[in-house]
Amino acid sequence: MVKKFLLPIIVVMSWVIAEDAYERHCVPCHAPLPTSLQRMFMNYLLVYGGEHNFKAALKHYLRYPSKDISVMPDLFIDNFGIKEKSTLSDKELDEAIDIYWNKFKVFNKLK
Amino acid sequence: MLVLKNKVTSSLLKSEKKSLSRFLVLYTAMVILMIMLLSVFYYQSQEKLMLAQERAILSKYAYIQTKRLKVLHHFFDEKTTYPRDPRFRSAIYDNEFAKIFSLIEEKNIYFDREIYIAGNMIHFIETLDNYYLGARYLVIEVDNDTGWKTELWKRIFGYGSVIFIFFMLFGFYLAKLFLKPMRDSIVLLDRFIKDTTHELNAPLAAILANIEMMDMDVMAEKNKKRLARINIAAKTVSTLYQDLTYLTLEHERRNEDELVEIKPLLEDRIEYFNVWIQSKKLECLMDMEDVALVIDKRKVTRVIDNLISNAIKYNQRGGTIGIELREGMLVVWDTGIGIEKEKIPFMFDRYMRFDESEGGFGIGLSIVKKILDEYHISIEVESEIKKGTRIIIKW
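Our subject in this report is the structure included herewith. (Residues numbered from 1 in each chain as written. Chains lettered and ligands numbered in written order. Predicted model: local features only at pLDDT ≥ 70, side-chain atom pairs only at ≥ 80, totals over all residues. Heavy atoms only, no water.)

Focus on the overall build of chain A
We apply this condition: The helix count covers DSSP runs of H or I at least four residues long, the strand count covers runs of E at least two residues long, and both are numbered beginning at the N terminus. Each residue is assigned to one of three classes by its accessible area relative to the maximum for its type, calculated with a 1.4 Å probe on protein chains only: buried under 20%, partly exposed between the two thresholds, exposed over 50%. Here a residue-residue contact requires only that any non-hydrogen atoms of the pair lie within 4.5 Å. The protein chains shown are the only cover counted for residues, whose accessible areas, like all others here, come from Shrake-Rupley with a 1.4 Å probe.
The number of helices and strands found in chain A is 7 helices and 0 strands. Going residue by residue from the N terminus, the α and β elements of chain A occur as α-α-α-α-α-α-α. A total of 111 residues make up chain A; the buried ones form 36% of that total. Nonlocal contacts in chain A, meaning residues at least 24 apart in sequence, comprise 59% of its contacts between residues at least 6 apart. When the accessible area of chain A is evaluated, it comes to approximately 7,300 Å², of which 62% is carbon and sulfur surface.

Observations concerning a positive patch on the surface
Where we set the bar: Residues form patches when they are more than 30% accessible in relative terms and have no salt bridge. Like charges link within 9 Å. Nonpolar side chains (Val, Leu, Ile, Met, Phe, Trp, Tyr) link within 5 Å. Only one rule defines a salt bridge in this text: a Lys or Arg side-chain nitrogen within 4 Å of an Asp or Glu carboxyl oxygen. All tallies of charge rest on Lys and Arg as positive and Asp and Glu as negative; His and the ends of each chain are not included. Here the site of a charge means NZ on Lys, CZ on Arg, CG on Asp, or CD on Glu.
A cluster of basic residues, K222(B), K225(B), R226(B), R229(B), K281(B) and R317(B), forms a positive patch on the protein surface. Its relative accessible area of 53% is what places K225(B) among the exposed residues.

Examining the side chain of H123(B)
Looking at the element boundaries, H123(B) is found in strand 4 (residues 121-127). Judged by relative accessible area, H123(B) falls into the buried class, the value being 0%.

Quick notes on the sheet that holds strand 2 (residues 99-102) of chain B
Residue and element names in this part refer to chain B. Put simply, the test is: Between any two strands, pairing holds if DSSP finds at least two bridges. Inter-axis angles, ranging from 0 to 180 degrees, are taken between N-to-C directions of lines fitted to C-alpha atoms, where helices are fitted over the stretch in contact.
The strand order across the open sheet formed by 5 strands is 2-1-5-4-3, and the pairing between neighbours is antiparallel. Of all strands in the sheet, those with a lone pairing partner are strand 2 and strand 3 (115-118), marking the two edges. If you compare each strand with its neighbour and ignore which way they point, the axes differ by 20 degrees on average. Here strand 4 pairs with strand 5 (residues 137-143) via 7 bridges, running antiparallel. Bridge pairing in strand 5 links M121 to D143.

Focus on the pattern of salt bridges
In total, this model carries 26 salt bridges over all chains according to the counting rule given. Measuring nitrogen to oxygen at the nearest pair gives 3.2 Å for the salt bridge that ties R55(B) to E114(B). Of the two residues, R55(B) is situated in helix 1 (residues 2-74) and E114(B) in the loop between strand 2 and strand 3; the sequence distance between them amounts to 59 residues. For R68(B), the salt bridge goes to D85(B), with nearest N and O atoms at 3.0 Å. Of this pair, R68(B) sits in helix 1 while D85(B) sits in the loop between helix 1 and strand 1 (89-93), and the two are 17 residues apart along the sequence. A relative accessible area of 10% means that D85(B) is categorised as buried. Among the charged side chains, a salt-bridge network with shared partners connects K59(A), R63(A), D90(A) and D94(A).

Topic: the environment of I104(B)
Residue and element names in this part refer to chain B. Turning to its location among the elements, I104 is positioned in the loop between strand 2 and strand 3. The exposure class of I104 is buried, given its relative accessible area of 4%. Sequence separation between I104 and E141 is 37 residues; the distance between their C-alpha atoms is 6.4 Å. With residues up to four places along the chain from it excluded, the contact list for I104 reads R89, S90, A91, I109, H123, V139 and E141.

Some remarks on the interface of chain A and chain B
Selection criterion: Values labelled buried area give the accessible surface lost by two parts on being combined, using a 1.4 Å probe and summing over both. Polar contacts, as used here, are pairs of N or O atoms within 3.5 Å; protein pairs need one atom able to donate a hydrogen and one able to accept it. Residues neighboring in sequence count only if both atoms are side-chain atoms.
On the side of chain B, 22 residues touch chain A, which itself brings 17 residues to the contact. Buried surface at the junction of chain A and chain B, summed over both partners, amounts to about 1,700 Å²; 59% is from carbon and sulfur atoms. Ranking the residues of chain A by area buried against chain B places L46(A), L110(A) and K111(A) at the top, with a combined share of 38%. Inspection of the chain A/chain B interface yields 0 salt bridges. Applying the counting rule to chain A against chain B returns 9 residue pairs in polar contact (both at pLDDT 80 or more). Of all the elements in the fold, those that place two or more residues in the side of chain A that touches chain B are helix 4 (37-48) and helix 5 (51-63) of chain A.

Focus on the sheet that holds strand 10 (residues 329-334) of chain B
All names here are of chain B. Spatially, 7-9-10-12-11 is the arrangement adopted by the 5 strands of the open sheet, whose pairing is mixed. Edge positions in the open sheet fall to strand 7 (283-288) and strand 11 (378-384), since each of these has one partner strand only. The sheet shows a mean angle of 10 degrees between the axes of neighbouring strands, taken without regard to direction. The sheet contact formed by strand 11 and strand 12 (residues 388-394) spans 7 bridges and is antiparallel. By the bridge assignment for strand 12, S383 is matched with T389.

Some remarks on the nonpolar core
What counts, and what does not: For our purposes a nonpolar core is just a set of buried Ala, Val, Leu, Ile, Met, Phe, Trp, Tyr and Cys residues, chained together by side-chain atoms within 4.5 Å.
In terms of nonpolar packing, the biggest core is built from 56 residues, with Y100(A), L110(A), I92(B) and L133(B) touching the most fellow members. Broken down by element, the residue count for this core peaks at 8 residues, all from helix 1 of chain B. Setting aside anything within four residues of it in sequence, one finds L133(B) in contact with M42(A), L45(A), V106(A), L110(A), L69(B), L72(B), H73(B), F76(B), I92(B) and I100(B). Formed by 50 residues, the second largest nonpolar core is a distinct cluster that contains M219(B), L293(B), I344(B) and I367(B).

With respect to the packing of helix 4 of chain A against helix 5 of chain A
Residue and element names in this part refer to chain A. Here is the rule: A crossing counts as left-handed when the near helix is turned anticlockwise from the far one by less than a right angle, and as right-handed when that turn is clockwise. Polarity classes work like this: nonpolar for Ala, Val, Leu, Ile, Met, Phe, Trp, Tyr, Cys and Pro, charged for Asp, Glu, Lys and Arg, and polar for all others, with Gly in that last group.
It is at 9 Å that the axes of helix 4 and helix 5 come closest, and there the two elements cross at 115 degrees. Considering only the axes of helix 4 and helix 5, their crossing is right-handed. Contact residues: F41, Y44, L45 and Y48 in helix 4; N53, F54, A57, L58 and Y61 in helix 5. Here the contact of helix 4 with helix 5 is composed, by residue class, of 8 nonpolar, 1 polar and no charged.

Examining helix 7 (residues 90-104) of chain A
Let me state the cut-off plainly: The span you would expect from a helix comes to 1.5 Å times its residue count less one.
Across its 15 residues, helix 7 of chain A extends 21 Å between first and last C-alpha, which sits within 8% of the 21 Å expected from 1.5 Å per residue. On its buried face, helix 7 of chain A sits against helix 2 (21-25), helix 4 and helix 5 of chain A.

Remarks on the pairing of strand 12 of chain B
Side-chain positions along a regular strand alternate between the two faces of the sheet. Residue and element names in this part refer to chain B. For strand 12, the buried fraction is high: 5 of the 7 residues fall into the buried class. Bridge count between strand 10 and strand 12: 6 bridges; the pairing is antiparallel. Paired with L330 across the strands is I393, a residue of strand 12. Here strand 11 folds back onto strand 12 in antiparallel fashion, the turn holding 3 residues, of which K386 has a positive phi close to 65 degrees.

Don't take any of this as a statement about function, it's just geometry.
Structure below.
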């Protein structure tokens, strides 16, 4: 009887503990889209370059999404539209963006 | 007269050489500085020319590398190998100057310049319009072929030497041109001083000889005093005459060194100045040993005369003059006005006089120093204001 409830509880708890802000708030919404998060990262990088610019631009877009400042092609926006304003707190947003940057940054990946 | 003329010429040449060498040193320094500046400008212009030629090639390399970065950017999820080229090395930096990836050897990059030489390399900085892989700056590095530099140095030294020789010849001609009026005026002045000095000798010798010959016994006391004053005045002028003669003629004469007994010489010179010593009521203390020195007698006489005459001249009435002679040392001291400590180092300078109340040109001690330096003899001065001065000569 104990064994029957204990296993699912342990699985759910470990999922909750392991999940970070990026996984929680970004991945679920982007998963159905045809463009990967890495592709979007490279689009941002192409326009904004350095880490500071990149993070500031991304944060601004997440707070105030607009077609004019989007780095995605018009065809993509026409098909999938503009995302809704983020309701995350500054702390959560910064944390998610930091994880996103560290996950896909080019530094130390070239050989 | 012929001898005098030769001495005039040689004296002139000496002073002329001094001025000429000073001018030439300054002129040479200026010419070298000018050639160095020209060389720097020429070097910089040639370097710029070389870099301009290199810029075209490096710009082409940058264009090729940018295209490769563009491809890598779009396929970054599949491929992460940085594009390499055997013709050049490259590196990419983001807009915060953080290094994204680098193959270049030189670590210091100057992002504010477009092209520059860094050690043995040439760096070309391309600012990218699209930040492929997040890169804003693409640095292209190639080895700097130093052949142009060797050729350039050869040219600089070659042309530099020709210009230097030309300017030196011109400078020499210029110096002679400028020195001519100076030479003429020096000849005139020198001849005037020598002739005047020469003309002083005969009357001065006549005055001194006649004073010696005068019969003092039949003379009234008042006249004796007057005669003594004439004697002192004549001897003062005589000492000055000797100094001027030494300055204008004697120092160019070859030394006639001989073994000179210093003690009898000192006694003789004290005797010579005796009338002056008596007139100032000075007490003369002499403590002398028999000492001999290999020296030119005329020169050592100039030294002794100047030291004794100074000891008399700057002494107070009723004071004391002391002369101590030991092996390797002569001390002349007085109880005169003394000299301030800070002025002691300057008292051997020519025309330097600290007490205007007494006569003289301020050349005596400069002659003393000159003679002693010539014989490598040291001179020390100890002095205290209103107490006196000790001059110690050691050999």
